[in-house]
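Below, each chain spelled out in residue letters.
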Amino acid sequence: MLRNEEQQATPEFFEALNAKLMSTLPTLEGAWKPRFVFGLQWHITDRCNLRCKHCYIDRAPRRDLSLQDLLVILDKFCAALRGWQAAGRIVLGGGEPFMRPDLWELVEAISAYHQRGYPLRVDFMTNGSFVTDQVIQQLRTYRGILGVVQVSLDGSHEEVHDSIRGPGSFVAACSALKRLRDAGVPTAIHFVLTRRNLSDVDGLLELSAELGASRVTVSRLVPLGRAEASDMVTTDELRECWTRLAAMAYVYRRRGVFLATGRCDLWHLADLEGALITLRLRKKGFLSPLLAVGQRCPAGINGLTVDVDGTVYPCRRLPIPIGNLLQDEFFTVWLNPLLNDLRRRGQLLKGKCRKCVFATEEDLSVLCLGGSPCQAYATGGDLFAPDPNCWFDPSEGNEKVIVKWRQNSF
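This text gives an overview of the structure that appears in the document. Nothing here was measured: the structure is a model prediction, and the numbers come from that model.

Before going further, it helps to examine the nonpolar core. One finds Trp42, Leu92, Phe124, Leu193, Val218, Trp242 and Phe358 to be the most contacted residues of the largest nonpolar core, which totals 113 residues. The contacts of Phe124, once residues within four sequence positions are left out, are Leu92, Phe98, Leu103, Trp104, Val107, Leu139, Leu146, Val148, Val149 and Gln150. Formed by 12 residues, the second largest nonpolar core is a distinct cluster that contains Tyr250, Ile277, Leu287 and Ala292.

What follows is the structure, given as structure tokens:
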């Protein structure tokens, strides 16, 4: 049981921890002062050694683009950053990115842009199976642009994780995290919450602390590809799980492990006090993303996903094609009508969201604005329907939220 003081969200707690985090963040230096950070989740291969039960891919692997084609996409992305005067965060994934033999040639090209003054950072998404000594040495070579290596863990115990991802995958993932930690490479953990591992999620933060991962992301299953709708957690299960994890997060923040609650996964409903306090801190100045609680869907705002063939999606969890960067210019894709609709999402929301304070109040809408459109689309085919896991009742809760918002004005 957590002590009351450890569960309490206070402005003083967040302000002190935010000041400490901000003092340790690296400065994004470049030929211009970045106005914002734009994220590109880039799947560079379909090849993978695992066949996870919840994988978004349920087809035969497609042929990888040539390195030359990848460089065309990189050039277009960097040209957009220059036009926007933005920093770029490139997240390389797959499949399993470390299975691509020319990976380091691509990373070298990204590094060359960085050396020319483009403020860039590169993260990796991996299952850990191919994190060899040689890979770790290569990662250390690119410290100037390296962000984090995110390793997938879908259980805090071997039997749970391996039942989802395959025999031996838990040991491989934990070994990769330990070796990366020992080499001084920053790491993160990603956990996909399903009914298969719901009972095992409580041990995740402690395991993360033991393995040296500073950031932990727990995201809901989206029924795409091989994932089945029957594996989705219910609304009641999600509410109980999120509330429990949000309380535990205060304890682990003090230990340097940060649960990623600044996501469009309804975290603000599980920790309303924390969401309102961190929202105030955002309005006062820059808030470390490690401390944010709640977020509207960022699709069409500051990020895109590029698939293995160059196809662009608003988000990896929302696989609606909006262009292809081998044929289209970046800004052409960015002006796609679907992205424009997502940007004005508040005007198009349906159902209870039309009367909800988290959609109608400008200040509070940044915490939600309808939750995750990918969940609504995957389960009901409507991007602008309420998030199917949302448990908030606007007819009963709006006034209470507004009162709390005013109380948290500091």
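Next, the rest of the story.
Most of strand S1 (residues 37–43) sits out of view: 5 of its 7 residues are buried. Pairing between S1 and strand S2 (residues 87–93): 7 bridges, direction parallel. Within S2, the position partnered with Trp42 by the bridge is Leu92. Note on the crossover from S1 through helix H3 (residues 67–84) to S2: the handedness is right-handed. Alignment of S1 against strand S8 (residues 303–306), held across 4 bridges, turns out to be parallel.

Moving on to the side chain of Asn127. Here Asn127 shows up in the loop between strand S3 (120–126) and helix H5 (133–141). Among the residues examined, Asn127 registers a relative accessible area of 7% and is labelled buried. Here Asn49 takes part through its side chain, which lies 3.0 Å from a polar atom of the side chain of Asn127. The contacts of Asn127, once residues within four sequence positions are left out, are Cys48, Asn49, Leu50, Glu96, Val151, Ser152, Arg165 and Ala173.

Glancing now at the environment of Met232. When you line up the elements, Met232 lands in the loop between strand S6 (215–220) and helix H9 (235–253). Here the alpha-carbon distance between Met232 and Thr194, two residues 38 residues apart in the chain, equals 5.4 Å. Once residues lying within four places of it in the same chain are set aside, the contact partners of Met232 are Arg195, Leu221, Pro223, Gln375 and Thr379.

In contact at an axis separation of 10 Å, helix H2 (residues 11–24) and helix H11 (residues 272–284) are set at 50° when each is read in the N-to-C sense. The pairing of H2 with H11 is recorded here as oblique in orientation. Crossing of H2 against H11: the hand is right-handed. Contacts between H2 and H11 involve Pro11, Phe14 and Glu15 on the former and, on the latter, Gly274, Ile277, Thr278, Leu281 and Lys284. Among the residues making up the contact of H2 with H11, the classes are represented as 4 nonpolar, 2 polar and 2 charged.

The next point concerns the packing of aromatic side chains. The tally for this structure, following the rule as stated, stands at 20 aromatic pairs. Considering the side-chain rings of Trp242 and Trp267, the 4.0 Å spacing of their centres and the 10° angle between planes classify their relative orientation as stacked. Highlighted residues: Trp242 in helix H9 and Trp267 in helix H10 (residues 267–270), separated in sequence by 25 residues. Ring pairs connect the aromatic residues Phe36, Phe38, Phe77, Trp84, Phe330, Phe331 and Trp334, which therefore count as one cluster. Taking NZ or CZ as reference, Arg253 lies 4.8 Å from the ring centre of Tyr250, over its face. The aromatic ring of Trp334 is capped on one face by Arg343, whose charged end is 4.4 Å from the ring centroid.

Let us now look at the environment of Gly117. Considering the arrangement of structural elements, one finds Gly117 in the loop between helix H4 (103–115) and S3. The sequence separation of Gly117 and Gln295 amounts to 178 residues, and the corresponding C-alpha distance is 30 Å. Here Gly117 is in contact with Gly30, Ala31 and Trp32, once residues within four sequence places are set aside.

What counts, and where the lines are drawn
Residues numbered from 1 in each chain as written. Predicted model: local features only at pLDDT ≥ 70, side-chain atom pairs only at ≥ 80, totals over all residues. Heavy atoms only, no water. Core = buried A, V, L, I, M, F, W, Y, C linked by side-chain atoms within 4.5 Å. Buried < 20%, exposed > 50% of the residue type's maximum accessible area, 1.4 Å probe, protein only. Contact = heavy atoms within 4.5 Å. Helix = DSSP H or I, 4+ residues; strand = E, 2+ residues; numbered from the N terminus. Pairing = 2+ DSSP bridges. Right-handed = clockwise from strand over helix to strand, strands pointing away. Polar contact = N/O pair within 3.5 Å; in protein donor to acceptor, adjacent residues only side chain to side chain. Axes fitted to C-alpha atoms, helices over the stretch in contact; angles between N-to-C directions. Parallel < 35°, antiparallel > 145°, perpendicular 65-115°, else oblique. Left-handed = near helix turned anticlockwise from the far one by under 90°. Nonpolar A, V, L, I, M, F, W, Y, C, P; charged D, E, K, R; others polar. Phe/Tyr/Trp six-rings, centres within 6.5 Å; stacked < 30°, edge-to-face > 60°. Lys NZ or Arg CZ within 6 Å of the ring centre and 35° of its normal.

This is a description of form; function is not addressed.
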